[in-house]
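# An overview of the molecular structure
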Amino acid sequence: MEKFEKLQGIAAPMPLVNIDTDMIIPKVHLKSIKRTGFGKNLFDEMRFNRDGTEIADFVLNKPQYRSAEILVAGDNFGCGSSREHAPWAIADFGIKCVISTSFADIFFNNCFKNGILPIVLPQEQVDLLMKDAEKGANARMTVDLEAQEITSSDGDVVKFDVDAFKKHCLLNGLDDIGLTMEKAASIDAYEAKAGAARPWV
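Computed from a predicted model, the values in this text were never measured in an experiment.

Let us now look at the overall build of the chain. Along the chain, the regular secondary structure elements total 8 helices and 7 strands. Expressed as lengths along the three principal axes of its C-alpha atoms, the size of the chain is roughly 65 × 40 × 25 Å. Evaluated residue by residue, the chain yields a buried proportion of 45% over its 201 residues. Long-range pairs, those at least 24 residues apart, make up 65% of the contacts in the chain between residues at least 6 apart in sequence. Between the centroid of the 23 positive side chains of the chain and the centroid of its 30 negative side chains there is a distance of 5 Å.

Once that is clear, we can look at the pairing of strand S1 (residues 6-14). Successive residues of a regular strand alternate their side chains across the two faces of the sheet. Across the 9 residues of S1, 7 count as buried, placing the element largely inside the fold. Judged from the 5 bridges that link them, S1 and strand S5 (residues 140-144) form a sheet pairing that is antiparallel. Bridged to Lys-6 within S5 is Asp-144. With 4 bridges connecting them, S1 and strand S2 (residues 70-73) associate as parallel partners. When the bridges of S2 are listed, Met-14 appears paired with Ala-73.

Scanning the model with the defined rule gives 8 salt bridges in all. Residue Glu-69 is joined to Lys-96 by a salt bridge in which the shortest nitrogen-to-oxygen separation is 3.4 Å. Of this pair, Glu-69 sits in the loop between helix H2 (44-47) and S2 while Lys-96 sits in the loop between helix H3 (85-93) and strand S3 (97-100), placing them 27 residues apart in sequence. On the accessibility criterion, Lys-96 (29% relative accessible area) is partly exposed. Between Asp-154 and Lys-135 there is a salt bridge, with the nearest N and O atoms lying 2.4 Å from each other. Taken together, the positions of Asp-154 in the loop between strand S6 (149-151) and strand S7 (157-159) and Lys-135 in the loop between helix H5 (123-133) and S5 put the pair 19 residues apart, joining distant regions of the chain. A network of salt bridges, in which partner residues are shared, links Glu-2, Glu-69 and Lys-96.

Another aspect to go through is the nonpolar core. Grouped together as the largest cluster of nonpolar side chains are 29 residues, with contacts concentrated most on Ile-24, Phe-43, Leu-60, Phe-77 and Phe-107. Listed by contribution, the elements that provide at least two residues to this core are S1, S2, H3 and helix H4 (105-113). By residue number, the principal contributor to this core is H3, which donates 4 residues. Beyond its immediate stretch of four places on either side in the chain, Phe-77 contacts Ile-19, Ile-24, Phe-43, Leu-71, Ile-90, Val-98, Ser-100, Ser-102, Phe-103, Ala-104 and Phe-107. Leu-7, Ile-70, Phe-112 and Val-162 belong to the second-largest nonpolar core, a separate cluster that totals 24 residues.

About the criteria used
What you see as residue numbers is a count from 1 along each chain, following the sequence as written. In keeping with the model being predicted, local features are shown solely for residues with a pLDDT of at least 70 and side-chain atom pairs are shown and tallied solely at 80 or more, while totals for entire chains, interfaces and linings include all residues. As a rule here, side-chain values come from all non-hydrogen atoms in the structure, and water together with hydrogens is ignored. For the purposes of this entry, the term helix denotes a DSSP run of H or I that reaches at least four residues, the term strand denotes a run of E that reaches at least two, and both are numbered from the N terminus. Partly exposed residues are those whose accessible area sits between 20% and 50% of the maximum for their type, while under 20% is buried and over 50% is exposed, using a 1.4 Å probe and protein chains only. The criterion used for residue contact is that any of the two residues' heavy atoms lie within 4.5 Å. Under the counting rule used here, the positive set is Lys and Arg, the negative set is Asp and Glu, and His together with the chain ends is not counted. Where a charge lies is defined by one atom per residue type, namely NZ (Lys), CZ (Arg), CG (Asp) and CD (Glu). Paired strands are those between which DSSP finds at least two bridges. By definition, a salt bridge exists where a carboxyl oxygen of Asp or Glu is found within 4 Å of a side-chain nitrogen of Lys or Arg. Remark: nonpolar core denotes a set of buried residues (Ala, Val, Leu, Ile, Met, Phe, Trp, Tyr, Cys) joined through side-chain atoms within 4.5 Å.

Right under this line is the structure:
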């Protein structure tokens, strides 16, 4: 998993509340268990008409937000079913941080396992960052995970909380497999000891 340390990028405003996982990646696209390839279908029914043409006024179709790496979203983001394809699609599109007042628990935890930083803030701070995101591509936010700070394009600094263990995992690029591999030496030593004690196994 790619490390998340400091991100400076375009933030896209998406003030809609209750964006569920079926809106993030519709079930018709859940045809693979690979983590890649879902970005093209992110927010599919909101981004595209039935004939496949783009819906021009959807935020991520606007020229200034096509390269967005931060999403400032409405309340209860990621609700609905627990599909891990939702954070896969967000990550594959290139979004590395989602800011909201609240997230569905399973989606929230799945984000950390897929290199995405979900940040929970009070409504007034989300409103501040939403307004900053509405300025477009020339207004870039900075998200500093080590310092636990978001800096708006105007220089406003917003502090955020993050679980210490989840922070460690993101800073070091550790998913569940990576965490296990950190113990590889201990695992190998145990296997060698167990093999010597029970050679018939």
